[in-house]
Amino acid sequence: MRLQIKGICHSYDQVEALRDIDFGIEPGEVVALIGPSGCGKSTLLSIIGGLLAPTRGEILICDKATPDGCLNPLTYVFQDFALLPWRTVAGNISLVLEDHGLSKADRDARVAEVLEQTNLWDFRDAYPKQLSGGMKQRVGIARALAVRPAVLLMDEPLSALDAQTRILLLDEFAALFARTGMTAVYVTHNLNEAVRLANRVVALRRRPGTIKEIHTIDIPIAERREGMPELIAHESALWNLIRDEAIAADKELENVA
Amino acid sequence: MSHDISEVRAEPQSAASPASHVRFRATGFNPKANPVAAWGFFVAVIALWQLGSSTGVISELAMPSPVAVAKALWQLIVTGDLWLHLGASLQRLVGGWIMGTVAGLFVGFLVGMFSWARSPGVAFVSALFPIPKIALLPLFIIWFGIGEPSKFATIAFGVFFPTVINTFGGVDNVQRNLIRMGQSFDLPMWSVIRKIILPGALPTILSGFRISSSIAIILLIAAEMIGAQYGIGALILAAGNLYQTDQLIAGVVVLSLLGLCVSWLLGRLDRWLLAWR
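Note that the structure is a prediction, hence the values are computed from the model and not measured. (Residues numbered from 1 in each chain as written. Chains lettered and ligands numbered in written order. Predicted model: local features only at pLDDT ≥ 70, side-chain atom pairs only at ≥ 80, totals over all residues. Heavy atoms only, no water.)

Draft legend 1. Structural context of the overall build of chain A. Scanning chain A for helices and strands turns up seven helices and nine strands. Against the globule reference of 18 Å for 257 residues, chain A gives a C-alpha radius of gyration of 18 Å, in line with a compact fold. Seen through its principal axes, chain A has C-alpha atoms that stretch 55 × 40 × 40 Å. When the 257 residues of chain A are sorted by exposure, 51% land in the buried category. (Helix = DSSP H or I, 4+ residues; strand = E, 2+ residues; numbered from the N terminus. Rg over C-alpha atoms; globule rule 2.2 N^0.38 Å. Buried < 20%, exposed > 50% of the residue type's maximum accessible area, 1.4 Å probe, protein only.)

Right, here's the structure in full:
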C-alpha cells in the first residue's frame, strides 16, 4: 500500500498544529516522524490513521495492494497499549478479529500465530494487569499483526516503557521490520529509535508543525546494530536538524508555565 | 559566597551525639476488616439491649427486648403472615427496581454516548433528581390508582435517576483510548458499545445498583405505609398503630435482613461480572 499525505493542515480551535504537510509513504518502507514536543507528530499519525479529520488536505491511498488476509489496512499501535483489562491476552487479540466474518477456528489460528510470533503463547490466558509494560506492548503488537495490516501506525510505542525493556523491544521491532518488510509510520521523540528503524525520517519544526527535512537512512534495517558509527552519524545529523527547534519549543513551554 | 559540596558532606552535626533509629512515620490510614470484631459488636449491642430490657432500664412499651422481638418474628413465620407481607413487598421491590433500572440504563447510555441526548438528558435529570420521589406518590395514585401500579411507579421513578446518573457517569469514565482503539480496528459501533463501553462502564453501573436498591427499599416502605394491605411497610404501620412494638421491630429486622440479602446478591453479581478486577 502506498500513501500520499497531501497538504495536511490541522488546527485545534485557535491553535495551529500542522501546516502544509506533504510526503509519500512507499510500500515496505518505515517512515519515522520526529520533532520537538507539541510539533504535531501524533496529530499527523491520527490523521493518517483516519482517527482525526484534518482541517485541510487529504490522505490518499494510491496503491491499494494489501497483504493476504488483511482485515484492517491501517493499523495502530498505541503508546499506552489500549488493552481491554477485562479480556485476556488472547481475548484482546481476538477482539479485533471478531467482526470480520472469520470462523472461530480461523480466529484461533490467527491468535495462536501472532502469540507465537511475539513469544506470548505462555501468557495467552493472562489479564493485562498481570503483565509488565513490555509484555503489554507485545500484546499491542500481536493484536496489530493479527489483522495483517498493510501499514502499521506506531505512536511512540516505546515511550511508556523502562530503558531496558525499550532496548529489547527496539531490537524486536527491527527484526520484525527486517523480516516482514512491513510498511510503517513510527512516531518517536527518541532519535536512536528513529535511526534504528526508519528508512526515512521526517523531521518536523515546532508548532505549527511543518516539514523541515526528510532524512534518508540507506542502511538495510537488518544490518543496523546498536552503536554502529553510521547510525551515530545519522543520529547526530538528526539532532542538529531539530536541536534549535527543540530548544525553542522548550522555551515556549517555559513561557507558558 | 560559595560552598563546596564535599565540605558540606564532611561536616558532621555533632560527633558526640548517639546513634538513633529512624522513626517509622507511616502508621494509620489503613483500616482493615475484622469479622470477629463486627460480629462481636453486633452481639454486644443485642446483649446490652437485652440487659437493659430485663433490668427495666429500657421500657418494654417503648422498645421491646430482643427476645420479645424474636418471639414476634417467630409468630409471623409460623402463622404465615411474614411470607404474605414479604412476598407482596418483594414483588413490588423487584418489579419497580427492574422497571427503573431498565429505563435508567437505556437513558443513561443515550446520554452517555450521543451528543443529541447529552444536554437535554443532563438538564432533565438535574431538574428531577433532587425531588423526594415519595412526594410524587399522591400524583402517581391520581394517575395509576391506589393499587399496585402507583407503588411500582414510585419505586421505578426513584431507581431511574441514580441509574441514569451512574450509567452515563460510567460511560464517561470509559477510557477514550479504548474506544479509539476499537475504532482504529474498524469495529462496528455496536461492537464498540457491547465489547468496550458496556464492560468499561459496568463497575460504575454496579455501584449505582447498590444506591438504587437502597432507594427502592426506602420508597417501597413509604409507598406501603401510604396505601397497602400487605407488605412489610403495611405490617410496620399496622403494628405501630396497635402499639405492637415487638411486631414493629420484627418488621424492621426483616427490612434489615432484606437489605443485607440485596447487598449480598449485588456483591455476588459484582464478583461474577467484575472477576477481571
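That covers the picture; the talk isn't over yet.
Draft legend 2. Spatial organisation of the sheet that holds strand β8 (residues 200–204) of chain A. Residues and elements named next belong to chain A. Reading across the sheet, the six strands line up as β5-β6-β7-β3-β8-β9 and stay open at both edges, with mixed pairing between neighbours. On the outer flanks of this sheet lie β5 (74–77) and β9 (211–216), each paired with one strand and no other. Put simply, the sheet's adjacent strands are angled 15° from each other on average, direction ignored. Sheet topology places strand β3 (residues 30–34) next to β8; four bridges connect them, and they run parallel. Each residue of the ladder has a partner; that of Val31, found in β8, is Arg200. Helix α4 (residues 133–146) contacts β5 and β6 (151–155) of the sheet and is inclined by roughly 175° relative to β5. (Pairing = 2+ DSSP bridges. Axes fitted to C-alpha atoms, helices over the stretch in contact; angles between N-to-C directions. Contact = heavy atoms within 4.5 Å.)

Draft legend 3. Broad picture of the interface of chain B and chain A. Tallying the contact residues gives 17 residues for chain B and 23 residues for chain A. The contact between chain B and chain A buries some 1,800 Å² in all, and 67% of this surface belongs to carbon and sulfur atoms. Taken together, the links from chain B to chain A amount to eight residue pairs in polar contact (both at pLDDT 80 or more). Sorting elements by how many residues they give to the side of chain B that touches chain A places helix α8 (residues 176–184) of chain B first, with six residues. Its residues assigned to classes, the side of chain B that touches chain A comprises eight nonpolar, five polar and four charged. (Buried area = accessible area lost by both parts, 1.4 Å probe. Polar contact = N/O pair within 3.5 Å; in protein donor to acceptor, adjacent residues only side chain to side chain. Nonpolar A, V, L, I, M, F, W, Y, C, P; charged D, E, K, R; others polar.)

Draft legend 4. Geometry of unusual backbone geometry. All names here are of chain A. Looking along the chain, the bond that leaves Arg207 and enters Pro208 is cis, with omega of -5°. Of note in this structure, Phe81 is not a glycine but carries a positive phi near 75°. Inspection of the secondary structure assignment puts Phe81 in the loop between β5 and α2 (89–95). Phe81 gets classed as buried once you look at its relative accessible area, which sits at 12%. Positive phi outside glycine occurs at Asn119, with the angle close to 55°.

Draft legend 5. Spotlight on the sheet that holds strand β4 (residues 56–63) of chain A. Residues and elements named next belong to chain A. Read from one edge to the other, the open sheet built from three strands follows the order β2-β1-β4, with strand pairing classed as antiparallel. Strands with a single pairing partner mark the edges of an open sheet, and in this sheet they are β2 (15–25) and β4. Neighbour to neighbour, the strand axes of the sheet diverge by 10° on average, direction disregarded. Of the strands in this sheet, β1 (2–12), β2 and β4 touch helix α1 (residues 41–48), which is tilted by about 125° from β1.

Draft legend 6. Focus on the layout of surface pockets. Residue and element names in this part refer to chain B. Empty space within the largest pocket amounts to approximately 400 Å³. Counting residues per element, the lining of the largest pocket draws most heavily on helix α11 (residues 245–273), at six residues. Its residues assigned to classes, the lining of the largest pocket comprises 13 nonpolar, one polar and no charged. The computed volume of the second largest pocket comes to approximately 320 Å³. Contributing to the lining of the second largest pocket are 14 residues, with Leu93, Val94, Trp97, Val262 and Leu265 lying nearest its centre. (1 Å grid on protein atoms, 1.4 Å probe; cavity = no way out; pocket = protein on both sides within 12 Å on 5 of 7 lines; lining within 4 Å. Points joined across faces, edges and corners; volume = space filled by probe spheres on them.)

Draft legend 7. Broad picture of the confidence of the model for chain A. On average, chain A scores 92 in pLDDT, and the residues at 70 or more come to 98%. Across chain A, the element-wise mean pLDDT spans from 84 in helix α7 (residues 229–256) of chain A up to 97 in α2 of chain A. (pLDDT = per-residue confidence, 0-100.)

Draft legend 8. Fine view of a nonpolar patch on the surface. Judged by side-chain polarity, Trp39, Phe42, Val43 and Ile46 of chain B come together as a nonpolar surface patch covering roughly 440 Å² of accessible area. Relative to the elements of secondary structure, Trp39 of chain B occurs in helix α2 (residues 35–54). (Patch = residues over 30% accessible without salt bridge, like charges linked within 9 Å, V, L, I, M, F, W, Y side chains within 5 Å. Areas by Shrake-Rupley, 256 points an atom, 1.4 Å probe, with all protein chains shown as cover. Salt bridge = Lys/Arg side-chain N within 4 Å of Asp/Glu carboxyl O.)

Draft legend 9. View of the packing of α8 of chain B against helix α9 (residues 189–227) of chain B. All names here are of chain B. The interhelical angle for the contact between α8 and α9, taken along N-to-C directions, is 150°, at an axis separation of 10 Å. Considered as vectors, α8 and α9 are oriented roughly antiparallel to each other. Read as a crossing pair, α8 and α9 show a hand that is right-handed. Here Leu178, Ile179, Met181 and Gly182 of α8 lie close against α9, whose contacting residues are Val192, Ile196 and Ile197. Residues belonging to the contact of α8 with α9 are distributed by class as follows: six nonpolar, one polar and no charged. (Parallel < 35°, antiparallel > 145°, perpendicular 65-115°, else oblique. Left-handed = near helix turned anticlockwise from the far one by under 90°.)

Draft legend 10. Quick look at the packing of aromatic side chains. Residues and elements named next belong to chain B. Taken as a whole and judged by the stated rule, the model has 13 aromatic pairs over all chains. With centroids separated by 5.9 Å and ring planes inclined at 20°, the aromatic side chains of Phe114 and Trp116 adopt a geometry described as stacked. A relative accessible area of 22% places Phe114 in the partly exposed class. Consider the rings of Phe140 and Phe144, whose centres lie 6.0 Å apart with planes at 35°: the pair is tilted. (Phe/Tyr/Trp six-rings, centres within 6.5 Å; stacked < 30°, edge-to-face > 60°.)

Draft legend 11. Region of the structure containing the pattern of salt bridges. Under the definition given, this model contains 18 salt bridges over all chains. Across the pair Glu29 of chain A and Arg200 of chain A runs a salt bridge, and its minimum N-O distance is 2.6 Å. With Glu29 of chain A in the loop between β2 and β3 and Arg200 of chain A in strand β8, this pair connects stretches of sequence that are 171 residues apart. Each member of the pair, Glu29 of chain A as well as Arg200 of chain A, carries the same accessibility label: buried. Arg92 of chain B is paired through a salt bridge with Glu224 of chain B; the nearest N and O atoms lie 2.6 Å apart. A residue pair is termed long-range when its members are at least 10 positions apart, and Arg92 of chain B in helix α4 (residues 81–113) and Glu224 of chain B in helix α9 qualify at 132 residues. By relative accessible area, Arg92 of chain B is classed as buried at 4%. On the basis of relative accessible area, Glu224 of chain B is assigned to the buried category, the value being 1%. Taken together, the shared-partner salt bridges in this structure form one network comprising Arg87, Glu98 and Asp99 of chain A together with Lys195 of chain B.

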